[in-house]
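Read off the chains here:
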Amino acid sequence: LKANVKSSFITASNHKIQVYFLDNQALYGRSGMYIHPESKKDYVDNDTRFIFFSRGVLEVLKRMGWQPDIIHCNDWQTGLIPAYLKTLYKEDPFYKKTKTVFTMHNMAYQGIFPKTSFTKTLLPKTLLSEKGIESQGCVNFLKAGIVFSDALTTVSRKYALEIRTNGEYGFGLQSLINRRRKNLHGILNGIDYSVWNPAIDETIPHKYDVKSFDLKIENKKALLARMKMPFKETTPLLGIISRLAEQKGFDLIDEILEPMMNMDLQLIVLGVGEKRYHEILERASRMYPGKVGVHLSFSADLAHWIEAGSDIFLMPSKYEPCGLNQMYSLKYGTVPIVRATGGLDDTIQDFDPRTGKGTGFKFTKYDGGELLRTIQRAVELFADRATWRKIVRNGMSEDFSWESSAKKYLQLYRSLARK
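Residues numbered from 1 in each chain as written. Predicted model: local features only at pLDDT ≥ 70, side-chain atom pairs only at ≥ 80, totals over all residues. Heavy atoms only, no water.

**Student:** Where do I start with the sheet that holds strand S6 (residues 134–135) in this structure?
**Tutor:** Two orientations exist for strands paired in a sheet by backbone hydrogen bonds: parallel and antiparallel. Read across the open sheet, the three strands follow the order S5-S7-S6; overall the sheet is antiparallel. On the outer flanks of this sheet lie strand S5 (112–113) and S6, each paired with one strand and no other. Where helix H5 (residues 141–148) meets the sheet, it contacts S5, S6 and strand S7 (138–140), and its direction lies at approximately 55 degrees from that of S7. (Pairing = 2+ DSSP bridges. Helix = DSSP H or I, 4+ residues; strand = E, 2+ residues; numbered from the N terminus. Contact = heavy atoms within 4.5 Å. Axes fitted to C-alpha atoms, helices over the stretch in contact; angles between N-to-C directions.)

**Student:** Can you help me understand a nonpolar patch on the surface in this one?
**Tutor:** Together, Val 5, Tyr 20, Met 64 and Trp 66 line one region of the surface with nonpolar side chains, adding up to about 380 Å² of accessible area. With respect to the helices and strands, Met 64 occurs in helix H2 (residues 46–64). (Patch = residues over 30% accessible without salt bridge, like charges linked within 9 Å, V, L, I, M, F, W, Y side chains within 5 Å. Areas by Shrake-Rupley, 256 points an atom, 1.4 Å probe, with all protein chains shown as cover. Salt bridge = Lys/Arg side-chain N within 4 Å of Asp/Glu carboxyl O.)

**Student:** Would you take a moment to explain the packing of aromatic side chains for this structure?
**Tutor:** What characterises a pair of aromatic rings is the spacing of the ring centres plus the angle enclosed by the ring planes. Under the criterion given, the structure shown has 17 aromatic pairs. For the pair Trp 196 and Tyr 328, a centre-to-centre distance of 4.1 Å together with 10 degrees between the ring planes defines the contact as stacked. Placement of the pair is Trp 196 in the loop between strand S9 (184–186) and helix H9 (216–226) and Tyr 328 in helix H13 (residues 325–331), with a sequence separation of 132 residues. Overall, the relative accessible area of 10% leaves Tyr 328 in the buried class. Both rings, one in Phe 361 and one in Trp 388, keep their centres 6.1 Å apart while their planes meet at 20 degrees; by these two values the pair is stacked. Of this pair, Phe 361 sits in strand S15 (residues 361–363) while Trp 388 sits in helix H16 (residues 385–396), and the two are 27 residues apart along the sequence. Take Phe 361 and Trp 388: they sit in the same class, and that class is buried. One Lys or Arg, Arg 30, reaches over the ring of Tyr 43 and ends 4.7 Å from the middle of that ring. Directly above the aromatic system of Phe 382 lies the positively charged group of Arg 385, at a separation of 4.3 Å from the ring centroid. (Phe/Tyr/Trp six-rings, centres within 6.5 Å; stacked < 30°, edge-to-face > 60°. Buried < 20%, exposed > 50% of the residue type's maximum accessible area, 1.4 Å probe, protein only. Lys NZ or Arg CZ within 6 Å of the ring centre and 35° of its normal.)

**Student:** Please explain H9 as it appears in this structure.
**Tutor:** Given 3.6 residues to a turn, an α-helix orients residues that are three or four positions apart in the same direction. Among the residues of H9, Lys 216, Asn 219, Lys 220, Ala 222, Leu 223 and Leu 224 are the ones counted as buried. Packed against the buried residues of H9 are strand S10 (237–244), strand S11 (266–273), helix H12 (300–309) and helix H15 (368–382). Of the residues flanking the end of H9, it is Lys 228, one or two places downstream, whose phi is positive at about 60 degrees.

**Student:** Hey, could you run me through the sheet that holds strand S14 (residues 335–339) in this one?
**Tutor:** If you walk across this open sheet you meet the six strands as S12-S11-S10-S13-S14-S15, and the pairing is parallel. The open sheet is flanked by strand S12 (292–295) and S15, the only strands paired with a single partner. Within the sheet, the average angular offset between the axes of one strand and its neighbour, ignoring direction, is 20 degrees. Bridge count between strand S13 (residues 312–315) and S14: four bridges; the pairing is parallel. Paired with Phe 313 across the bridge in S14 is Pro 336. The sheet contacts of H12 involve S10, S11, S12 and S13, and relative to S10 the element is tilted by about 145 degrees.

**Student:** Where do I start with the environment of Thr 78 in this structure?
**Tutor:** Here Thr 78 is to be found in the loop between strand S3 (70–74) and helix H3 (80–86). By relative accessible area, which is 12% here, Thr 78 ends up buried. Distance from Thr 78 to Arg 55, taken between C-alpha atoms, is 9.6 Å for residues 23 residues apart in sequence. When sequence neighbours within four positions are dropped, the list of residues in contact with Thr 78 reads Phe 53, Ser 54, Cys 73 and Phe 102. A distance of 2.8 Å separates a polar atom in the side chain of Thr 78 from the backbone nitrogen of Asn 74. (Polar contact = N/O pair within 3.5 Å; in protein donor to acceptor, adjacent residues only side chain to side chain.)

**Student:** Before we go on, may I ask you to explain the packing of helix H10 (residues 250–261) against H15 in this structure?
**Tutor:** Working note: a packed helix pair is described by the angle between its axes plus the distance between those axes. Running from N to C, H10 and H15 cross one another at 50 degrees; their axes reach a closest spacing of 9 Å. As far as their axial angle goes, H15 and H10 are oblique. In the crossing of H10 with H15, the sense of the turn from one axis to the other is right-handed. Across from Leu 252, Ile 253, Glu 255, Ile 256, Pro 259 and Met 260 in H10, the residues of H15 making contact are Gly 368, Gly 369, Leu 371, Leu 372 and Ile 375. By residue class, the composition of the contact of H10 with H15 is eight nonpolar, two polar and one charged. (Parallel < 35°, antiparallel > 145°, perpendicular 65-115°, else oblique. Left-handed = near helix turned anticlockwise from the far one by under 90°. Nonpolar A, V, L, I, M, F, W, Y, C, P; charged D, E, K, R; others polar.)

**Student:** Where do I start with unusual backbone geometry in this structure?
**Tutor:** Trans is the prevailing form of peptide bonds, just as negative phi is the prevailing case for residues other than glycine. Positive phi values are uncommon outside glycine, yet Phe 171 reaches one of about 50 degrees. Structurally, Phe 171 is set in the loop between helix H7 (167–170) and helix H8 (174–179). Residues other than glycine seldom take positive phi values, yet Lys 228 does so here, at roughly 60 degrees. In this fold, Lys 228 is placed in the loop between H9 and S10. Relative accessible area serves as the criterion here: at 75%, Lys 228 is assigned to the exposed category.

Structure, rendered in structure tokens:
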């Protein structure tokens, strides 16, 4: 197999950054990235596709003469790169000083393939073991990255703790990660305020900021009209933008839907995912017309409308490595309700009426009753307009831009390069 390499420039912070694309039409010229769009199943040759990509990265760099200090790999698709560098390229002078950083965005996705895939990698046979890249009788690309990288990162401090101490989050690799805890860094993802900022958002009907917050209600009116739902000024509107999956807490929402609908609130859901949650939400929209609105397909502009038009953002995830929508919501003055897990716990401070501090509402136990009580607490406080404005101002004042995260990555890169 041969790879074609294309280059392009992107502009970031007034700097041009050259980006190279490794292409092979037989492997990558498809309408779906990892999953067949019709069967909804993984491509059967995903092992070959990313073995080729990992080797291709290293071979292309050599042919270009572009000698990296750091190769930053992300998720199982690039997990073999650190393994190759520590084995097949170990004696290659070109990579003598090259270090690797491996970021795990979600431990649920590991790149697990049958043992027969190992021969395709051309890695030394000693690696086909539990000390190498084998896990539970299969070849595990994510494990390869964890074992052989020089540094590990994940996308929040809390998730870094969870994946090494709890099997529910580590998905079978928690002991391995715990052994490498000195090399593990939790660095929160940032968000792009040039895209997600109600003061400059061209997508939403009415721009606003913390000083012109009263305009937010006009976005609420427009959103409800778009969803063909009635507008009630004193009724809080809850928004959800999510993959429709158990991880995102939809089993809890299904559990408490009836008592939730007995409350004075409205709910709008945007997402696509598992068929059972499509059916649950479609049924809810029929049972509670005017109270539940659903849009079960991807819509980038509707996502912005929901952030701008909702009063509350609901994100009761079973686990959430980082999460972005809760941070978008803060900027849009849309108060988050979250479960205290992963990046949700790191970014949202539970509101304390005694001190006036806090940016949202949190619950800890993954339980429908806990979620319902948290929603009730938020709805009750929504009626207190002065207190609600305080929570909104707290959230809109937060800064989760990439600047802080980028500095932490740069510090990590420099510390590795000095070794």
